[in-house]
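The residues making up each chain are set out below.
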Amino acid sequence: MRCLHLAVLAAAASLVPSARAQGPGFQTPGMPTFGYAGIESSQATRFSSEFNPAFSFVVDALGDYVRYSGRSDDGFDADVRGFELGAMAWVDPKAWAYFIGAMEDEQLAIEEAALHYVGFEENSTLRAGRFFIDFGKQMQVHVHELRTVERPLVLRAYLGEEVKGDGIQWDDWRPVGDKTAVRWSIGAFSSILPEEDEFLPDPAKSVDERKDIQDFSFTARVTGFTDLSDNAILQLGASARVVPDYAVEFEATGDTEEGLDNTVWGLDATYGWIDDTGQRRWTLGAECLVNTGDTGADNPAPGTVDVLDDTVCGYYAFVDYAWSRYGSAGLQFSAVELPDLNASDLSETELYYTHAFSEFQRLRLGLSAIDREDEDAFRVALQYTAVLGAHGHGVNW
Amino acid sequence: MKSRAMSFLCAALLGSTVALAAAPFRADKLKVVATLPELADIVEEIGDGRVEVVTITRGRENLHAVMARPSHLVALNRADMFVQVGLSLEMSFVPGLLEGARNRSIVPGAPGFVSVSERWEPIEVPASLSRQGGDVHPHGNPHMNLDPRAGEFMANAIRDGLVRLDPGSAELYGQRHQAYLQKLAQAKQRWEKLATNFRGKQIVVYHLEYNYLARYYDMEIAGAIEYRPGIPPTPNHLARVIADMKERGVKVIVVAPWSHNNDVERVADATGARIVELPNQAGGMPGADTWIGMMTVIHEKLAAAFG
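For clarity, every value in this text was computed on a predicted model and none was experimentally measured.

This part takes up the domain arrangement of chain B. All names here are of chain B. Domain boundaries in chain B define domain 1 (22–190) and domain 2 (194–305). For domain 1 versus domain 2, the separation of C-alpha centres amounts to 25 Å. Contacts between the two partners involve 40 residues from domain 1, matched on the other side by 34 residues from domain 2. Summed over both partners, the interface of domain 1 with domain 2 comes to about 2,900 Å²; 57% of that surface belongs to carbon and sulfur atoms. When the area that domain 1 buries against domain 2 is broken down by residue, the three leading residues are Arg60, Leu146 and Arg190, summing to 25%. The interface formed by domain 1 and domain 2 includes two salt bridges. Note that Arg60 is salt-bridged to Glu277, the shortest N-O span being 3.9 Å. Put simply, domain 1 and domain 2 have 16 residue pairs in polar contact (both at pLDDT 80 or more) between them. Those elements that place two or more of their residues in the side of domain 1 that touches domain 2 are α2 (37–47), α5 (150–165) and α6 (170–195).

This is the structure we're talking about:
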């Protein structure tokens, strides 16, 4: 009799094709319907993988030697600079979403997690979640996706190594004539301050968690690109990043200063040329940035905070030549006025050679020199990057 | 002061963009975007003045690495019909362009989307998918446009697409389609004669893009200079190719305009083989502006190489 009961139960279980991991075997009144099996069938069982996202992994390893003038901490280093896990899929016919987890301090942190709604009749996209800011040509992508070993100095100094924010962004593009397309975007974020400030690590910057809407951080970009000929493209753009209200805190003294604001403006131009066979390419680009408002603060004595209210400028320019799909080399120069009390200047020159073994792995040799008034540095870096799977982001042109 | 100037520039650029972007667009002809020149050629042949065609590639590119231009995005945004080969041949530029163009009437599944390889029986469909095989195409070898039988197949798909979008002109499209098939039949007679020179011969290629052609004429592809599809040759691989060619007496290396490179020259020097540069799409060589013209050039060059 007991065997009969078990057989009946087993047979009943086998008749539930669309059960869910967190849901019931079948739907009963009062249980969740959305996204679960039952009345709202999702054409798959809890054991199906047909509709699973596309996954990807990126490994970015770096070995380098750095020599400083006037310092004793020269030497070699090697580490896995980045490990990235990505997933991407259509949510429904009108939206797709992606997730990028990145290794930070031996933990997997959510670097990007955003939904793109593309169901509008026109060419608009609404993006919501956590994602990299739309500023210039280079801030939307991760460091390992750049042509160079590091992001240009001026971007690191004024915006941050990688700048992501939790917020929304409206994007739209329009044709202008037959050969030009123009895109613009406006984004509002809870915060887009860099996690770490490489150049002014102290004081720590922060924004209030809860605030008025006008105290959100904003980005805006307008860019147009056009065919100059069958072989050449020119892209021009203007960008802005506004942080209207932030605070600084000095760890050593506990002194704070609130109500600071900072805006960075940028203008960029990129020229691309490709030969008839698509093998040889020249790319030239430049971007100049103006960093204005409260660019930082100093704490000369306990209880005293000097706010740096200033306008400083910087730029980068590069030339890159690819002689095949697998080999390219380039030179990048960046100069910047640092937002500190001494208003010191800093420049970085990077010469690089990239050899791609295939579309999915590459080796890069980078030689860079940093020139500062009181200190110089020279670096030789060997970077290995591999991409496994369907890699992609919500990157715009 | 600097920030004010920057604000002004940004505002001016944004203002001019919004003003210029409002221009409307409409024309009576069907606006067609074709990925390759031969597809554009067949659309124009069958469309007979009822179509306005924009072509993405120009004839000499590696089809697996094409850089899309702004004009392509604009043309796709306004297109009534999009024609591609498919089989992931245009994977490097079509998905991104279609996603960016935001034109629902030409996305896969829409009436304006035509993939001429639909219902084509591909060769070399991989049994399992792994990057160990290089740039593997999941649906098989995608270079069906170089098969002598492909003209009729592509023409049928294009006629069907045109009729679907413009049923009022179905009779015209049917007549033009028939006329095109007659031209094809005449060309094929000539190709068959030329093929007597190279049928059953051995060749080495740079990239595996002439496989349909070789198979049609029982030619043997004795090796590829690429290590794997999409992966450049290593010195060891080149040495193996050279040794194999010498051993088997292969005397012809077939390349496309994009793949006529130093590695090919090195192998040719070491083996004494002749390099034959063939078009891999229409538009890349004199006389190869149409699909029939391209196939004629291919047959003539191969016939001369083995003649």
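Once that is clear, we can look at the packing of α5(B) against α6(B). All names here are of chain B. Contact geometry of α5 with α6 gives a least axis separation of 10 Å together with a crossing angle of 170°. Overall, the two elements α5 and α6 adopt an arrangement that is roughly antiparallel. Across from Gly151, Glu152, Ala155, Asn156, Arg159, Leu162 and Val163 in α5, the residues of α6 making contact are Ala170, Tyr173, His177, Tyr180, Leu181 and Leu184.

Let's shift gears to the interface of chain B and chain A. With 38 residues of chain B at the interface, the matching set in chain A holds 49 residues. At the boundary of chain B and chain A, one finds six salt bridges. Note that Arg58(B) and Asp276(A) form a salt bridge whose closest N and O atoms lie 3.3 Å from each other. Every element with two or more residues in the side of chain B that touches chain A is listed here: α1 (2–21), α3 (70–78) and α4 (94–101) of chain B. With eleven residues, α1(B) is the single largest residue contributor to the side of chain B that touches chain A. Its residues placed into classes, the side of chain B that touches chain A shows 18 nonpolar, nine polar and eleven charged.

The next point concerns the nonpolar core. Ranked by size, the top nonpolar core spans 81 residues in total, and within it Val83(B), Val116(B), Ile253(B) and Trp291(B) carry the most contacts. Broken down by element, the residue count for this core peaks at ten residues, all from helix α10 (residues 291–306) of chain B. Taken domain by domain, the makeup of this core includes at least three residues from each of domain 1 (22–190) and domain 2 (194–305) of chain B. Excluding residues that lie within four positions of it along the chain, Ile253(B) makes contacts with Val204(B), Ile225(B), Met245(B), Val264(B), Val267(B), Ala268(B), Ala273(B), Arg274(B), Ile275(B) and Val276(B). One finds Tyr98(A), Ile100(A), Leu153(A) and Leu193(A) within the second-largest nonpolar core, a separate group that totals 36 residues.

Our focus in this paragraph is the packing of α3(B) against α4(B). All names here are of chain B. One way to put it is that α3 packs onto α4 with a least axis distance of 9 Å and a crossing angle of 60°. With respect to each other, α3 and α4 are oriented oblique. Seen from above, α3 lies across α4 with right-handed handedness. In this structure, α3 contributes His72, Leu73, Leu76 and Asn77 to the contact, and α4 contributes Leu97, Leu98, Gly100 and Ala101. The residue makeup of the contact of α3 with α4, split by class, is five nonpolar, three polar and no charged.

Attention now goes to α6(B). Residue and element names in this part refer to chain B. The terminal C-alpha atoms of α6, which comprises 26 residues, lie 36 Å apart, in line with the 38 Å expected from a rise of 1.5 Å per residue. Turning to α6, its buried residues number three or more, namely Tyr173, His177, Tyr180, Leu181, Leu184, Ala187, Trp191, Leu194 and Ala195. Its buried side turned inward, α6 meets β1 (30–34), α2, α5 and α10.

Rules used throughout
Residues numbered from 1 in each chain as written. Chains lettered and ligands numbered in written order. Predicted model: local features only at pLDDT ≥ 70, side-chain atom pairs only at ≥ 80, totals over all residues. Heavy atoms only, no water. Domains from an automatic or database assignment. Contact = heavy atoms within 4.5 Å. Buried area = accessible area lost by both parts, 1.4 Å probe. Salt bridge = Lys/Arg side-chain N within 4 Å of Asp/Glu carboxyl O. Polar contact = N/O pair within 3.5 Å; in protein donor to acceptor, adjacent residues only side chain to side chain. Helix = DSSP H or I, 4+ residues; strand = E, 2+ residues; numbered from the N terminus. Axes fitted to C-alpha atoms, helices over the stretch in contact; angles between N-to-C directions. Parallel < 35°, antiparallel > 145°, perpendicular 65-115°, else oblique. Nonpolar A, V, L, I, M, F, W, Y, C, P; charged D, E, K, R; others polar. Core = buried A, V, L, I, M, F, W, Y, C linked by side-chain atoms within 4.5 Å. Buried < 20%, exposed > 50% of the residue type's maximum accessible area, 1.4 Å probe, protein only. Left-handed = near helix turned anticlockwise from the far one by under 90°. Expected span 1.5 Å × (residues − 1).

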